[in-house]
Amino acid sequence: MVSLKEIVKKERKLSPGHRLCPGCGASVVANMILWATDDPVVIGIATGCLEVSTTIYPQTAWEIPYIHSAFENAASTISGVETAYRALKKKGKIKENIKFVAFGGDGGTYDIGLQALSGAMERGHNMVYVCYDNEAYMNTGIQRSSATPLGASTTTSPAGSVIPGKLQKRKDLTYIMTAHKIPYVAQGSISHWRDLVKKASKAFEVDGPAFLNVLSPCPRGWRYDSKLTINIAKEAVTSNFWPLYEVENDNWKLTYKPKEKTPIENWLKKQGRFKHLFKPENTHIIDEIQNYIDNDWENLLKKCGLQS
Amino acid sequence: MVKKHVEVGTTAVAMAMRQINPDVVAAYPITPQTAIVQTFSQYVADGKVNTEFITVESEHSAMSACVGAAAAGTRVMTATSSAGLALMWEILSVASGLRMPITMINVNRALSAPINIHCDHSDSMGARDSGWIQIYSENSQEAYDNVIQAVRIAESEEVRLPVMVMLDGFIISHGIEEFKTLEDDEVRNFIGENKPKYSLLDIREPVTHGPLQLFDYYFETKRQQADAIYKSRSVIEEVSRQYEKLSGRSQPIIEKYFTDDAELMIIVLSSTAGTAKSVVNELRKDGLKVGLIKPRLFRPFPYFELAEALKNVKAVAVLDRSCSFGAQGGPLYIEIRSALYELVQKPLIKNYIYGLGGRDISLENIRSVYSDLEKIVKTGRVEKPVSYLGVRK
Ligand SMILES: Cc1ncc(C[n+]2csc(CCOP(=O)(O)OP(=O)(O)O)c2C)c(N)n1
Ligand code: SF4
Ligand SMILES: [Mg+2]
């Protein structure tokens with residue numbers, strides 16, 4: 001079990017001084033994941049906030065080998081790096097045990113990079129793919145993605161006088177990844193760091209591909225005060241909007257069960273992106289959101305062999 | 001020891017790949033390239049190479065994996081055609097911009113729509129500004145030779161750029177021809193060990209590949225890249241000189257066929273040069289001063305060599321197997337016209353678009369081009385600078 005004391009002693013992989021917004025969840029996700037292994041790590045990042053904010057030439061915040069190629073190909077790029085490693089290892093040209101990790105935002109993962117991700121997972125590369133899910137295309141100015149929740153206002157699903165924000169539900173990517181029958185799939189949150197680091201270390205340890213979906217609150221896009229990031233992440237979990245679970249070799253396990261479910265309304269209220277839902281003509285959408293969260297939760301419990 | 005083979009063109013390419021024995025191949029099937037990856041997969045399955053073969057789910061991922069594997073310091077190859085090359089588009093310029101020495105074989109095939117599986121050069125011509133070195137092959141022998149040289153060129157210290165080797169779809173890829181191969185160890189000695197630079201796997205010297213460069217640095221990086229491809233010309237020449245010593249086959253940047261005293265010249269890439277050579281032979285017997293130039297390199301473009309070779313010619317016909325829609329002629333023609341600009345005495349020049357979607361180009365077609373050139377010289381005028389050869393009205 002990792003302790004905070006050990007963690008602070010670890011060598012830094014992502015330096016401070018990068019240009020992510022104050023309170024951004026993305027660097028917290030990256031740090032927590034990278035704490036989870038003591039082996040050398042090579043990282044690949046898809047185009048997006050985490051990438052542009054950490055590598056503004058001639059500076060770089062990365063103290064580990066890093067590659068960015070494009071928006072939709074973090075998975076295929078790292079699959080190439082990992083294969084190169086195997087080729088050299090086979091020939092005895094490399095001795096160390098190296099780990100490989102790809103990071104993509106929700107846009108680079110749920111949407112444009114889904115094919116490359118699916119392909120890389122199916123091929124069985126020994127790599128970890130991490131989606132830091134901030135529920136929209138933040139880098140280009142808060143456009144909706146298939147991870148954007150129902151009702152959220154984004155710049156391409158704005159709340160207007162006729163349309164109340166995004167009309168569609170979010171895609172359940174973690175579930176899609178479980179259908180790849182890879183050794184390890186998990187959903188985590190930076191509010192539950194012990195749980196997240198443990199999941200990340202499992203992901204690094206399994207032989208074969210692993211996928212982690214981590215909620216990454218974004219004060220700019222979600223419109224809340226930047227000091228609230230961890231609280232927002234926590235309430236996403238306690239409301240069952242973002243349940244914490246893992247699927248290890250087809251074995252579903254809930255890793256955290258809120259003592260008492262908090263109503264989704266409270267979570268929505270804290271974020272400017274849902275402000276319009278509180279107008280009388282839109283409150284039915286809040287009910288709709290609550291209903292589908294409850295429904296998804298029931299289904300998840302069943303998969304985990306639990307009862308509510 | 002020279003070995004002779006009588007096989008299809010894709011086998012010649014796969015054999016070169018077997019001898020190169022790259023660390024990593026990432027490729028996706030598409031007609032007419034498929035036979036290359038199939039043959040190569042069998043080599044992998046039979047342990048004839050120790051390559052790691054990544055069976056990617058698309059060409060976009062093929063090129064992405066190649067970039068990753070090259071950044072990790074391995075020798076990397078891939079092959080594609082047409083729609084596959086088009087799907088790689090975005091990552092082609094990432095590969096060249098990150099200076100990744102990847103070797104790719106592109107078996108030329110027309111672009112959709114209409115969908116068509118046969119040869120023209122619209123795929124690779126569309127990629128002419130992607131920063132890749134582009135080498136065109138006339139036949140299976142040249143494809144084999146070019147693939148081996150491409151590895152040396154790409155990895156050379158002064159170049160460090162990706163190289164694309166072209167051969168004509170079906171005509172060469174599926175045509176059975178005789179070609180000669182070198183010994184395995186000759187090829188291995190010729191290409192040498194891959195000496196990676198700034199490898200991602202060098203964990204003691206971590207590097208950041210692909211950072212964000214804005215108006216303050218991007219331009220300088222691109223300028224360096226432009227210089228590198230410009231300077232690659234001398235490396236390409238040196239590599240072919242050394243290869244000639246090994247193989248006995250000379251492969252100049254532009255091949256000149258009966259050009260010394262030629263007054264009427266055709267310039268054409270790839271397999272059509274073979275057809276045109278036989279027409280030259282025939283017309284030479286009749287005493288006509290006809291000649292042929294086949295550029296082997298399209299990027300970097302051999303401007304000086306072409307201007308020099310054309311300075312005493314009376315009329316030139318440039319044959320393009322692709323359309324640059326809305327431009328003043330095909331890509332080869334546009335480049336050659338530009339190459340001639342500095343000449344005091346310029347030849348008359350005409351462009352023919354031919355062979356789109358695999359339309360056959362006959363001896364008769366080539367004869368008609370030379371006879372057009374004769375008329376042009378007689379009248380001193382090019383009436384229609386760009387016309388189509390072998391198309392129905
Ligand atoms: C092929 C391609 N299409 C579009 C873009 C523009 N683009 C860059 S980043 C981005 C959004 C990134 O969103 P996400 O993956 O969620 O990461 P975030 O910025 O939210 O962290 C978009 C649309 C691009 N770079 N490449
Ligand atoms: S816009 Fe959001 S995701 Fe992007 S850096 Fe700022 S807080 Fe982070
Ligand atoms: Mg996002």
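**Student:** In this structure, what is going on with helix H2 (residues 25–35) of chain A? I would like to understand it.
**Tutor:** In an α-helix, one turn spans 3.6 residues, which is why side chains three or four residues apart end up on the same side. Burial within H2(A) is extensive, with 8 of its 11 residues counted as buried. For H2(A), the complete set of buried residues consists of Gly25(A), Ala26(A), Ser27(A), Val29(A), Ala30(A), Met32(A), Ile33(A) and Leu34(A).

**Student:** What exactly am I supposed to notice about the site of ligand 2 here?
**Tutor:** In the vicinity of ligand 2, the contacting residues are Leu20(A), Cys21(A), Cys24(A), Cys49(A), Asn134(A), Met138(A), Cys218(A), Pro219(A) and Arg220(A). Taken together, the residues of the shell around ligand 2 sort by class into 7 nonpolar, 1 polar and 1 charged.

**Student:** Sorry if this is basic, but what is going on with the interface of chain B and chain A here?
**Tutor:** Contact residues are listed per partner, giving 39 residues for chain B and 42 residues for chain A. Taking both partners together, chain B and chain A bury about 3200 Å²; carbon and sulfur atoms supply 62% of that area. The tally of links between chain B and chain A comes to 6 salt bridges. Note that Lys93(A) and Glu193(B) form a salt bridge whose closest N and O atoms lie 3.6 Å from each other. Summed over the shared surface of chain B and chain A, the number is 17 residue pairs in polar contact (both at pLDDT 80 or more). Contributions of two or more residues to the side of chain B that touches chain A are made by strand E3 (52–54), helix H3 (59–71), helix H4 (82–97) and strand E9 (208–209) of chain B. When residues in the side of chain B that touches chain A are grouped by element, the largest group, 8 residues, is from H3(B). Each residue belonging to the side of chain B that touches chain A can be placed in one class, and the counts come to 19 nonpolar, 13 polar and 7 charged. Alignment of strand E2 (residues 66–67) of chain A against E9(B), held across 2 bridges, turns out to be parallel. Bridge pairing in E9(B) links Tyr66(A) to Thr208(B).

**Student:** It is not clear to me how unusual backbone geometry should be interpreted in this structure. Could you clarify?
**Tutor:** Keep in mind that most residues, glycine aside, have a negative phi and that most peptide bonds are trans. Cis rather than trans, the peptide bond between Thr31(B) and Pro32(B) has omega equal to 0 degrees. Here Pro32(B) lies in the loop between strand E2 (24–26) and helix H2 (34–45). The linkage connecting Ser112(B) with the following residue, Ala113(B), adopts the cis geometry, with an omega of -10 degrees. Locating Ala113(B) in the fold gives a position in the loop between strand E5 (103–108) and helix H5 (122–126). Its identity is not glycine, yet Lys181(A) carries a phi of approximately 55 degrees, on the positive side. Here Lys181(A) lies in the loop between helix H7 (173–178) and strand E5 (184–189). Positive phi outside glycine occurs at Asn240(A), with the angle close to 70 degrees. Within the secondary structure, Asn240(A) is located in the loop between helix H10 (229–238) and strand E7 (245–248).

**Student:** Sorry if this is basic, but what is going on with the coordination of the magnesium ion (ligand 3) here?
**Tutor:** Put simply, the ideal angle at a metal is 109.5 degrees for four donors in tetrahedral geometry and 90 or 180 degrees for six donors in octahedral geometry. Residue and element names in this part refer to chain A. Within the protein, Asp106 (OD), Asn134 (OD1) and Ala136 (O) serve as the donor atoms for the magnesium ion (ligand 3), at 1.9 to 2.1 Å. Among the residues examined, Asp106 registers a relative accessible area of 1% and is labelled buried. Look at Asn134 and you get buried, because its relative accessible area is 7%.

The rules behind these values
Residues numbered from 1 in each chain as written. Chains lettered and ligands numbered in written order. Predicted model: local features only at pLDDT ≥ 70, side-chain atom pairs only at ≥ 80, totals over all residues. Heavy atoms only, no water. Buried < 20%, exposed > 50% of the residue type's maximum accessible area, 1.4 Å probe, protein only. Helix = DSSP H or I, 4+ residues; strand = E, 2+ residues; numbered from the N terminus. Near = heavy atom within 4 Å. Nonpolar A, V, L, I, M, F, W, Y, C, P; charged D, E, K, R; others polar. Contact = heavy atoms within 4.5 Å. Buried area = accessible area lost by both parts, 1.4 Å probe. Salt bridge = Lys/Arg side-chain N within 4 Å of Asp/Glu carboxyl O. Polar contact = N/O pair within 3.5 Å; in protein donor to acceptor, adjacent residues only side chain to side chain. Pairing = 2+ DSSP bridges. Donors = N, O, S within 2.8 Å, 3.2 Å for Na, K, Ca; no water.

Keep in mind these values describe shape, not function.
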